[in-house]
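Spelled out from the first residue to the last, the chains are:
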Amino acid sequence: MDYSLFPSVPIFLERSSLDQNWGFRLQGGADYRFPLSIKKVTANSPSHNKLHPGDGIASIEGQDTSSMKHEDAENLIRNSLRLELTLRRGQFSPIRPARPPIKFGPGPQAHVNSALYNTTTPNNYRRF
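Residues numbered from 1 in each chain as written. Predicted model: local features only at pLDDT ≥ 70, side-chain atom pairs only at ≥ 80, totals over all residues. Heavy atoms only, no water.

Student: Now, about unusual backbone geometry: what can you tell me, with residues and values included?
Tutor: Here R33, not a glycine, exhibits a phi torsion of approximately 55 degrees, which is positive. Counting through the fold element by element, R33 comes out in the loop between β2 (24-29) and β3 (34-41). Located in the positive-phi region is N44, a residue other than glycine, with phi close to 55 degrees. Examined against the element boundaries, N44 turns out to sit in the loop between β3 and β4 (56-60). (Helix = DSSP H or I, 4+ residues; strand = E, 2+ residues; numbered from the N terminus.)

Following this line, the structure appears as structure tokens:
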């Protein structure tokens, strides 16, 4: 893919302490055979209105990410108070599951066969 079609944008993020979250979720990496990109951004975080889902990450702290593993990228991001990213806007769409997650809850009420309990049916005949 020709990445030159996507504009490279330098982004600088800053947080007050290492305990504060950056506010974005990372996806991809060389070990996943998918380029690093932004999956989700949390509102009211240091990343809010600066990063967007689908932005490709070209570099982190000046290091090229084309062959970077997911864990290596996470470590670079986690261990810094100031973060310099070079993004390619709108390069990817966030990976989403093909089907929505299954939610388990109370199912429909099972039909009770009156013959099992040897009770009379609405017409007062017993079924055997």
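Student: Break down the side chain of S45 for me, citing the residues and quoting the values.
Tutor: The residue S45 is located in the loop between β3 and β4 in this model. Engagement of the side chain of S45 in a polar contact is seen with the backbone oxygen of T42, the distance being 2.7 Å. (Polar contact = N/O pair within 3.5 Å; in protein donor to acceptor, adjacent residues only side chain to side chain.)

Student: So what's going on with the pairing of strand β6 (residues 82-88)? Residues and values would help.
Tutor: Pairing geometry for strand β1 (residues 8-14) and β6, over 7 bridges, is antiparallel. Across the sheet, S8 pairs through a bridge with R88, a residue of β6. Examined bridge by bridge, β4 and β6 share 4 bridges and lie antiparallel to one another. Each bridged residue has a counterpart across the sheet, and for S59 the counterpart in β6 is T86. (Pairing = 2+ DSSP bridges.)

Student: If you had to explain the side chain of S80 to someone new, which residues and values would you point to?
Tutor: Tracing the chain through its elements places S80 in the loop between α1 (70-78) and β6. A distance of 3.3 Å separates the side chain of S80 from the backbone oxygen of I77, its partner in a polar contact.

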